[in-house]
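Each chain, letter by letter, is given below.
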Amino acid sequence: MGSSTSIHHHFAFQNAEKAFKAAILIQRWYRRYVARLEMRRQCTWSIFQSIEYAGQQDQVKLHDFFSYLMDHFTPDSHQEKEFLDRMFTEERFPQEAEMEKYSDYESIEVPDSYTGPHLSFPLLPDHATALVEAFRLKQQLHARYVLNLLYEARKHLAQLPNINRLSTCYSEEITVCGDLHGQLDDLIFIFYKNGLPSPERAYVFNGDFVDRGKDSIEILMVLFAFMLVYPKEFHLNRGNHEDHLMNLRYGFTKEVMQKYKVHGKKILRILQDVFCWLPLATLIDEKVLILHGGVSDRTDLELLAKLDRHKIVSTLRYKIRKENDRQTEEKRKAHQTSSAQTSTPWFLPQSRSPPSLPFHLGSDKAHKASLSSSVPCSALLEHTELAWLGRRSVDQELERCQQRASFPGIWEKEEPLPQTSEAHTVPGELPEPTLQEWRQVVDILWSDPMMQEGCKANTVRGGGCYFGPDVTEQLLQKYNLQFLIRSHECKPEGYEFCHNRKVLTIFSASNYYEVGSNRGAYVKLGPSLSPYIVQYQANKATHMLTMRQRISRVEESALRALREKLFAHSSDLLDEFKKHDADKTGLITLTDWAAAVESVLHLGLPWRMLRPQLVNSSMNNTLEYRSWLKDLAKEQLSRENIQSSLLETLYRNRSNLETIFRIIDSDHSGFISLDEFRQTWKLFSSHMNIDITDDCICDLARSIDFNKDGHIDINEFLEAFRLVEQSSSEGQAADCPQSTNANDNGCSSSGAP
Amino acid sequence: MEPARRFCSSPAASQRQGAVNGKGEEGGLQFNSITPWGAELFTQLSGSVLNPQLKKKKIEHATSYKRGKLALAEFHKKIKEAFEVFDHESNNTVDVREIGTIIRSLGCCPSEGELHDLLAEVEEEEPTGYIRYEKFLPVMTKVLLERRYRPIPEDVLLRAFEVLDSAKRGFLTKEELIKYMTEEGEPFSQEEMEEMLSAAIDPDSNSINYKEYITMMVIDEN
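Residues numbered from 1 in each chain as written. Chains lettered and ligands numbered in written order. Predicted model: local features only at pLDDT ≥ 70, side-chain atom pairs only at ≥ 80, totals over all residues. Heavy atoms only, no water.

For chain A, per-residue confidence averages 73 on the pLDDT scale, and residues scoring 70 or more make up 63% of the total. Across residues 638-642 of chain A, confidence stays below pLDDT 50; counting only partners more than four residues off in sequence or on other chains, it has 11 contacts. (pLDDT = per-residue confidence, 0-100. Contact = heavy atoms within 4.5 Å.)

This is the structure we're talking about:
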């Protein structure tokens, strides 16, 4: 009896122990599975980020290209001169009189066949709501209403201060949203989940409404509409993408021209101006500062509040808009030159960067100047110019000399700067934005927080700085603030606290890199000012997938992009592989492969970890590199009759090429002539040291000119070589955005800083 | 570095060297004053002069040493890569909460308890919430060299499920799975449980056919 119970207990104990051990085993195994998924997810994220930032560095290379042109190219024919003229010509800024012409919407007829939304002014809340609904149904707003809305928006924005102040006493609940980047689904979702704007529900949108996504113009229309309807409760901050130069490169210009073929130009012109009128920051209860990028150790809120923000046209280059342009206009017309430069070409980096930035200004330029200019600079400077030399940097001066030396006849004698520097301000008039003011704005629109203390130049982005927790603390104390809200950086969870919860990054474009790549988020503030965060992911499809499936999808997209990048550097990779293969066996070890790839691409990615997905043809830890490169090419090549090295080059320089084409197509017609194409390509390839024959270029040009009319449709060209960035067409499968599972029972919230 | 110790002046080592070299002509040499490679070369050369058989052995010894060194270098690179993925501030530290992920992605499959022990080895005396690479590398290298925490083979995993499936039906109900995973062993968090259920449970039968599940997961991995 006793023994049987003890045996029974013994068995029972053994079974329990077995079950326990079995459970541990399964859990152990499962946790490893999850960890490996997490690693893949993180690697995928690294891929996207490194490619994104590498792309931004291309901007610098683009500048280099044009600098090179300035230094080395002497036009030897009238056509060439004109061609270059157009490239280097500044865009003229619409003056007040011109603005009226551009805003002339009344003459635009809305045909009866138009089925989209109608707007009448002054706008009513119902109009704004109807607009959201119309866009949700994929309708397009007629150009007339677009222009009208922009006209009104501009009027409204112009009377706002640089730093807007909100109070939670007035609006109990303030919702702050980050980057949207043309992703209308996210905006619609935010309104759906959080409620439409109203006097009780204030909104602040923190910049970067446009570019990259495909519905930038619709987002702008909605945002401006609500701004006009609820002027006290609805606020917008300027982001670094509210900038016509950025738009040229990152897709907004293209979107507008595609959607508004007839009036697109007008729309873009007004937008250029409207962007300049966007406020720079918002302050809640004098305690929470909201701005797009970040701060620097020299951020001066008083200065920011005072400056004339309208004159800061673009944060990509320091160009001041002058009030008495009319005088110079007349002079120009009199001299019958296309246009006179009174500052360095708009796309070149001016001496705007902090000293530590590696731009090629300063000594490099000076050296080049002395080589290429046949006439000593000093001889060209006249007495009047010397007078204001002190106000300009030496770099800019040298550049102007170069221009004159290279392009005789194009440049007239310099007009002395109008006497409106700080030293000569007429009392009551705003001084012109100085370099210092311009930098202030660049800093708040471009900076990123970093973990380390201090403040250093943001070389990754090419503008603004990295600011440490001490900089944040210093600023908060100086202005008696509680914390900062900023955007500008994509975060996997849609938000991130840093600097001891004194800085909150909020990013509202979910699935930014790819469907499933990240969540979006917005933050709500009440009178207590404790941030309450809501996350979402605007795509029903991902909702249904398991974690593994979600990660796999995003991963595949990242790997595709990475393979494309590898292909784009095939020649360099081959050279590098050969170095590791002294015996010419055609094989290299996988270790060497990893080292070689990193030394060519400089992306800082975990190549060993990614190797299984990039190289599937390895044996015994070695790889036949030539066949691997061939396999890569097979994936990318769409046209066999085009020389593969040319294609490789096109891929590598895709975004630059597109930008260059758009610059040449200065009237935004979407066409460039065959000649212009050949010219561009000739210049470009000489700069990049590409050995392409003229014949090849002609072949290329002719093959693109599909209808043989001597003109190349830019979009067709880019499309033909799959250089057009794939729009996230997979995302269109969603009919109604959903928040993810985790948030169904409410919202993820975070406590006070 | 481990290999170097072979050539240190410990009595065992020099004795070994002396034995290898047979005649012991170089018995009086202080090996610890020569670099490991130098010592190896020397013994190689002297050995070959004295005894062709020994030469072969020494070359093998040398080659395996070289291979070992390369393997070690490769381990280090792998560990560094995995670490850097989570080193968001690029200052050679990672959040302590990511260590489990890093270790597991390097091929190891520790239990939570074993992970805890490992953590104790890599943490600072005063835990900062961050793990430094300098502390992580040697510990992780040792783990890899000793091939600790090997992954679980499929059949062992299957048997574990079978233990829980006492009635040998070939499946577990959702409730049973939840009970075991959240009450036994090293319990799952609610999030972990939900995530596992989303992929494992067949919504029609509300149960998990564990054999199929394992097969599916294994394919995923590869």
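Here the narrative resumes, following the displayed structure.
Now for the pattern of salt bridges. The tally for this structure, following the rule as stated, stands at 37 salt bridges over all chains. Between E192(B) and R31(A) there is a salt bridge; the shortest N-O distance is 3.0 Å. You can see E192(B) sitting in helix α10 (residues 190-200) and its partner R31(A) sitting in helix α1 (residues 2-72), one on each of two chains. For R31(A), a relative accessible area of 7% corresponds to the buried category. The salt bridge partner of D273(A) is R154(A), with a shortest N-O separation of 2.3 Å. Here D273(A), found in helix α10 (residues 264-277), pairs with R154(A), found in helix α5 (residues 143-158); they are 119 residues apart in sequence, far enough to count as distant. Through salt bridges that share partners, K214(A), D215(A), E218(A), E255(A) and K259(A) make up one connected network. (Salt bridge = Lys/Arg side-chain N within 4 Å of Asp/Glu carboxyl O. Helix = DSSP H or I, 4+ residues; strand = E, 2+ residues; numbered from the N terminus. Buried < 20%, exposed > 50% of the residue type's maximum accessible area, 1.4 Å probe, protein only.)

Of the residues lining the interface, 45 residues belong to chain B; the matching set on chain A comes to 33 residues. With both chains or domains summed, chain B and chain A bury close to 3900 Å², and 66% of this area falls on carbon and sulfur atoms. Run the count over chain B and chain A and you get four salt bridges. For E81(B), the salt bridge identified is with R608(A), shortest N-O distance 3.4 Å. (Buried area = accessible area lost by both parts, 1.4 Å probe.)

Next up on the list: the pairing of strand β14 (residues 532-536) of chain A. All names here are of chain A. Burial runs high along β14: four of the five residues are buried. Two strands pair when backbone bridges link them, and strand β13 (residues 520-525) and β14 are joined in this way by five bridges, in the antiparallel orientation. Residue pairing in the sheet places K524 in a bridge with Y532 of β14. Taking the residues that link successive antiparallel strands as the turn, the β13-β14 hairpin has six residues, and the phi of L529 there is positive, at about 65°. (Pairing = 2+ DSSP bridges.)

The next thing to look at is the environment of Y625(A). Residue and element names in this part refer to chain A. Positionally, Y625 belongs in helix α24 (residues 625-636). With 10 residues separating them along the chain, Y625 and V615 place their C-alpha atoms 9.7 Å apart. If we ignore the near neighbours within four places in the chain, the residues touching Y625 are L574, F577, K578, D581, G586, L587 and I588. Within polar-contact distance, the side chain of Y625 engages the side chain of D581 at 2.6 Å. (Polar contact = N/O pair within 3.5 Å; in protein donor to acceptor, adjacent residues only side chain to side chain.)

Now for the sheet that holds strand β5 (residues 281-284) of chain A. Residues and elements named next belong to chain A. Read across the sheet, six strands follow the order β1-β5-β6-β10-β12-β11 without closing on themselves; strand pairing throughout is mixed. With one partner strand each, in any of the chains shown, β1 (163-166) and β11 (495-498) form the two edges of the open sheet. Here the strands of the sheet are splayed against their neighbours by 20° on average, with no regard to which way each runs. One ladder, built from three bridges, connects strand β10 (residues 483-486) with strand β12 (residues 503-506); its direction is parallel. Each bridged residue has a counterpart across the sheet, and for I485 the counterpart in β12 is L504. (Axes fitted to C-alpha atoms, helices over the stretch in contact; angles between N-to-C directions.)

All names here are of chain B. At a closest axis distance of 9 Å, the pairing of helix α6 (residues 112-122) and helix α7 (residues 133-145) adopts a crossing angle of 140°. Between α6 and α7, the angle is such that the two are oblique. On α7, the residues touching L118, E121 and V122 of α6 are K135, F136, V139 and V143. Among the residues forming the contact of α6 with α7, the class breakdown is five nonpolar, no polar and two charged. (Parallel < 35°, antiparallel > 145°, perpendicular 65-115°, else oblique. Nonpolar A, V, L, I, M, F, W, Y, C, P; charged D, E, K, R; others polar.)

What follows deals with the sheet that holds strand β4 (residues 234-236) of chain A. All names here are of chain A. With mixed pairing, five strands are arranged side by side in an open sheet as β4-β3-β2-β13-β14. The open sheet has two edge strands, β4 and β14, and neither has a second partner. The mean inter-strand angle of the sheet, taken between neighbouring strand axes irrespective of direction, is 20°. Where strand β2 (residues 173-177) lies against β13, four bridges are found, and the strand directions are antiparallel. Across the sheet, the residue bridging to V176 is V523, located in β13. Contacts from helix α7 (residues 216-229) reach β3 (201-205) and β4 within the one sheet, and its direction differs from that of β4 by about 130°.

On to the UniProt feature "domain: EF-hand" (unreviewed entry) in chain B. Under the UniProt annotation, "domain: EF-hand" (unreviewed entry) lies at residues 74-109 and 152-187 of chain B. Here residues 74-109 of chain B is 53% helix and 8% strand, with 20 Å between the C-alpha atoms at its ends. (UniProt positions renumbered as here; feature names shortened; annotations may be inferred.)

Ranked by size, the top nonpolar core spans 61 residues in total, and within it F577(A), W593(A), W607(A), W628(A) and F136(B) carry the most contacts. Leaving out residues up to four positions away in the same chain, W593(A) has contacts with F577(A), I588(A), W607(A), R611(A), L614(A), V615(A), L623(A) and W628(A). Residues L180(A), F209(A), F224(A) and L268(A) belong to the second largest nonpolar core, which totals 60 residues. (Core = buried A, V, L, I, M, F, W, Y, C linked by side-chain atoms within 4.5 Å.)

All names here are of chain A. Exposure remark for D273: the relative accessible area of 5% places this residue in the buried category. Within the structure, D273 has its side chain in polar contact with the side chain of R154 (distance 2.3 Å). Within the structure, the side chain of D273 is placed 2.8 Å from the side chain of H310, a separation counted as a polar contact.

Residue and element names in this part refer to chain A. Using the criterion set out here, one finds 28 aromatic pairs over all chains in the structure. Ring plane angle 35° and centroid distance 6.1 Å describe the contact between Y30 and Y33, whose orientation is recorded as tilted. Of this pair, Y30 and Y33 both sit in helix α1, three residues apart, which is roughly one turn of the helix. Residue class for Y30 comes out buried when judged on its relative accessible area of 3%. On the numbers, 6.2 Å between centres and 80° between planes, the contact of Y495 with F497 is edge-to-face. Look at Y495 and you get partly exposed, because its relative accessible area is 21%. In this structure, R501 packs its charged tip against the face of F497, placed 3.9 Å from the ring centre. (Phe/Tyr/Trp six-rings, centres within 6.5 Å; stacked < 30°, edge-to-face > 60°. Lys NZ or Arg CZ within 6 Å of the ring centre and 35° of its normal.)

What follows deals with the packing of α5(A) against α10(A). Residues and elements named next belong to chain A. Two numbers describe how α5 lies on α10: the axes approach to 9 Å, and their chain directions differ by 20°. Judged on the interaxial angle alone, α10 and α5 are roughly parallel. In this structure, α5 crosses over α10, and the sense of that crossing is left-handed. Residues A143, V146, L147, L150, R154, L157 and A158 of α5 form the contact with α10, whose participating residues are K266, I267, I270, L271, D273, V274 and W277. (Left-handed = near helix turned anticlockwise from the far one by under 90°.)

Attention shifts here to the layout of surface pockets. Left-over empty space is what a probe sized like a water molecule reveals as it rolls over the atoms. Estimates place the volume of the second largest pocket at around 980 Å³. Every element with two or more residues in the lining of the second largest pocket is listed here: α1, α20 (547-568), α22 (590-601) and α23 (607-614) of chain A together with α4 (52-85), α5 (99-105) and α11 (210-221) of chain B. Of the residues in the lining of the second largest pocket, the class split is 12 nonpolar, six polar and 13 charged. (1 Å grid on protein atoms, 1.4 Å probe; cavity = no way out; pocket = protein on both sides within 12 Å on 5 of 7 lines; lining within 4 Å. Points joined across faces, edges and corners; volume = space filled by probe spheres on them.)

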